[in-house]
Amino acid sequence: MSIEQLAETALAMVAPGKGIIAIDESTATIAKRFAGVGIENTEENRRAYRELLLTTPKLSDYISGAILYDETLRQSTKAGVPFAKHMAEHGIIPGIKVDKGPAALAGFPGEVVTEGLDGLRARLEEYYKLGARFAKWRAVINISEDIPSGTCIEANSHALARYAALCQEQGLVPMVEPEVIMDGSHDIDTCFEVTEVTLRSLFGSLYEHSVVLEGTILKASMVLPGSTCPDQVGVEEVAAATLQCLKSTVPATLPGIVFLSGGQSDEAATAHLNAMNQMGPNPWPLSFSYGRAMQSAALKLWSQDLVGNLAKAQQTVYERAKANGQAALGEWKP
Ligand code: 13P
């Protein structure tokens, strides 16, 4: 696999006015989302829900790629077309979540390290054959009184770098996701400091592991006050802080940065992205890779009538994609 091909995929992922839809919830996570709206967590319901999302008419107007979970990459539409084939035929790049989730970091209460490196080379080789062209690995950085520790940040950066190098070896673009978690009462300055240290460590590790930045995408969390911080701040402040943090840590050779929504409201996730693009020009395209902020409204509608509301739910997915696609250009109007 040539660097040129990886770079081409990476650039296509952040094509102007387009972003990623994250639908890579593990079976345990989708169980929670389904339980929230009263849907039974069966394999057929998971398949039908992912079909709803992936067959949204004209989705590729605003969506360049979708991140799937292992089970979904092996599933097909009701008509029997493998999802990856359907996506490729409709201009959507198939992506795959390859980490095995966070596990407690021994000796560091409250901190976690993402697992999944063992056997990863063989899994990536299979995912490529199944049609995936990019992969995602999420590290979780929690903020509390005495955390994160440097040890936790380094352990996660090291795992992200090893994963990214393996992805490039196997022809997949790594989407590296160090998520600084919003939960907590910390203020925006604390989030800034933690995000800065985390990104600095990550790009140091990527360099040490010879990861080619031209064939890598960063999935970043925004710089925000904790969800229970009494000092909430405005859209412009979040956008300015996030941009400042990224500019001081992320090399300009990176083809693009996409954001996770992380528990922000649909509207806030769109408004923050829009504001950052309005403050440009920036060194890289800034777009979205939202999960909840792309899906929540559609899932709620679908849960009320799995057959009757299908088209309405798809319309909602399209509208969320359109709003975020416009925000990726700084052209969204509330
Ligand atoms: P949210 O946008 O719901 O945070 O999900 C994005 C994601 O893929 C987290 O790994």
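Residues numbered from 1 in each chain as written. Predicted model: local features only at pLDDT ≥ 70, side-chain atom pairs only at ≥ 80, totals over all residues. Heavy atoms only, no water.

### Some remarks on the site of the ligand
Phase 1: The environment of the ligand is made up of 13 residues, and the closest members are Lys136, Lys219, Ser261, Gly262 and Arg292.
Phase 2: Take Glu177: an N or O atom from its side chain is 3.0 Å from an oxygen atom of the ligand.
Phase 3: Within the complex, 91% of the 300 Å² of free accessible area of the ligand lies under protein.
Phase 4: Most atoms of the ligand, that is more than half of them, are within 2 Å of grid points of the largest pocket.
Phase 5: Counting only elements with at least two residues in the shell around the ligand, the list comes to β6 (134-141) and β10 (286-290).
Phase 6: A class-by-class count of the residues in the shell around the ligand yields three nonpolar, four polar and six charged. (Near = heavy atom within 4 Å. Polar contact = N/O pair within 3.5 Å; in protein donor to acceptor, adjacent residues only side chain to side chain. Areas by Shrake-Rupley, 256 points an atom, 1.4 Å probe, with all protein chains shown as cover. 1 Å grid on protein atoms, 1.4 Å probe; cavity = no way out; pocket = protein on both sides within 12 Å on 5 of 7 lines; lining within 4 Å. Sits in = over half its atoms within 2 Å of the grid points. Helix = DSSP H or I, 4+ residues; strand = E, 2+ residues; numbered from the N terminus. Nonpolar A, V, L, I, M, F, W, Y, C, P; charged D, E, K, R; others polar.)

### Notes on the packing of helix α3 (residues 43-54) against helix α11 (residues 292-304)
Phase 1: Where α3 contacts α11, the two axes come as close as 12 Å, and the packing angle between them is 125°. With respect to their mutual orientation, α3 and α11 come out oblique. In this structure, α3 meets α11 at a crossing whose hand is right-handed. Within the contact between the two elements, α3 uses Asn45, Ala48, Tyr49, Leu52 and Leu53 and α11 uses Gln295, Leu299 and Trp302.
Phase 2: Here the residues of the contact of α3 with α11 sort into six nonpolar, two polar and no charged. (Axes fitted to C-alpha atoms, helices over the stretch in contact; angles between N-to-C directions. Parallel < 35°, antiparallel > 145°, perpendicular 65-115°, else oblique. Left-handed = near helix turned anticlockwise from the far one by under 90°. Contact = heavy atoms within 4.5 Å.)

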